[in-house]
Each structure stands twice: as C-alpha cells, then as structure tokens.
Amino acid sequence: MAYWLMKSEPDVYSIADLERDRTELWDGIRNYQARNFLTSMALGDRAFFYHSNTKPPGVVGLMEIVATNVVDPTQFEASSKYYDPKSSPDSPRWHTVTVGYLETFAQVITLDQLKETFSPDELWVVRRGSRLSVMPVDEAVAQKLLHMAEAV
C-alpha cells in the first residue's frame, strides 16, 4: 500500500462532502505530473485529504483509493472549466481515481505544523511555491502523519 496527499479547496469539495458522499471521482486534475501520480495509484492505497486555499490549510482526513485508471469525464464536457479540446473518448488524455472516505481527523494538521515537523524533501506540500495537487507520501512520513492525527 502506498500513501498520497491530495489537495482540494474545501469550498469546492471538502472532507465533509466526501464523508456525506462516501465515494467520489477525483476529477479536474490538469497537471501532467499530478496525472501521472494518479495513474500510478493502486486499489487500497491511502491518501491524506488536504484542504488548500483556506485558513488554516492542512491535512483534515484520510481516504482510500477505491477505483483506478478512471477516465475523467470533465475533459469531454465543453462547458466544464476542465474541458480539453485535444482529448477524445477514443484517446483520453486525463485519467483519475475514485476515492472512498475513511476518516476525518479530530483536528486539522496545519501547514504550519507540517512545516515544523517535515523538511521539503520529506513532504512536498511544505516546499515553497508547491502547487502540485497530488503527491506521493513516503511510508515513514505517512506513519508520522497518522500518529500526529491520533495525538490531538
């Protein structure tokens, strides 16, 4: 099992939304590196849910990868901000995953706490200027994050 960190703005889609919906297609990723991470995910992998562009930003919960290599339908919808005119149903450019809710942490592990605990090489989200919305998390870092979530 691998670990990941996946960002979403809570006013777009939050951990509470995922708890309500139970599963959700993680659509709208239009960065090739993030897409490549999505396509390398396996069933049962875990992902930390990170609320971005909020006060305070941070890790708010945990989810599981429940479907892989899913074609992102938003690439074909001309009215979608994620529409890609170079993509076609015969040759889709954007694949994603479906995530399932596992838990909401009792308290947010804030970006400030993450910066105090991890180096930029250990956890990419603390890198200055990091805008990547999907990133791998090393096993040792994941275990530390899980411990931090339990400690509150």
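Our structure's up above, just so we're on the same page.
Report on the accompanying structure. Note that the structure is predicted; figures quoted are calculated from it, not measured.

On a plain count of helices and strands, the protein comes out with four helices and six strands. Tracing the protein from N to C terminus, the helices and strands come up as β-α-β-α-β-β-β-α-β-α. For the protein, whose C-alpha radius of gyration is 15 Å, the value lies close to the compact-globule estimate of 15 Å for 152 residues. Taken along the three principal axes of its C-alpha coordinates, the protein extends 50 × 30 × 30 Å. When the 152 residues of the protein are sorted by exposure, 44% land in the buried category. Once local pairs closer than 6 in sequence are excluded, the contacts in the protein between residues at least 24 apart make up 72%. When the accessible area of the protein is evaluated, it comes to approximately 8100 Å², of which 47% is carbon and sulfur surface. For the protein, the separation between the mean place of its 15 positive charges and that of its 21 negative charges on side chains is 7 Å.

A few words on the sheet that holds strand β1 (residues 3-8). Spatial strand order, β2-β5-β4-β3-β1-β6: six strands in an open sheet with mixed pairing. The open sheet has two edge strands, β2 (23-25) and β6 (134-137), and neither has a second partner. Each strand axis lies, on average, 35° off the axis of its neighbour in the sheet, ignoring direction. Looking at chain direction, strand β3 (residues 46-51) and strand β4 (residues 58-71) are connected through six bridges and run antiparallel. From the neighbouring strand, H51 faces β4, where its bridge partner is G58.

Parameters and conventions
Residues numbered from 1 in each chain as written. Predicted model: local features only at pLDDT ≥ 70, side-chain atom pairs only at ≥ 80, totals over all residues. Heavy atoms only, no water. Helix = DSSP H or I, 4+ residues; strand = E, 2+ residues; numbered from the N terminus. Rg over C-alpha atoms; globule rule 2.2 N^0.38 Å. Buried < 20%, exposed > 50% of the residue type's maximum accessible area, 1.4 Å probe, protein only. Contact = heavy atoms within 4.5 Å. Areas by Shrake-Rupley, 256 points an atom, 1.4 Å probe, with all protein chains shown as cover. Lys, Arg positive; Asp, Glu negative; His and termini not counted. Charge placed at Lys NZ, Arg CZ, Asp CG, Glu CD. Pairing = 2+ DSSP bridges. Axes fitted to C-alpha atoms, helices over the stretch in contact; angles between N-to-C directions.

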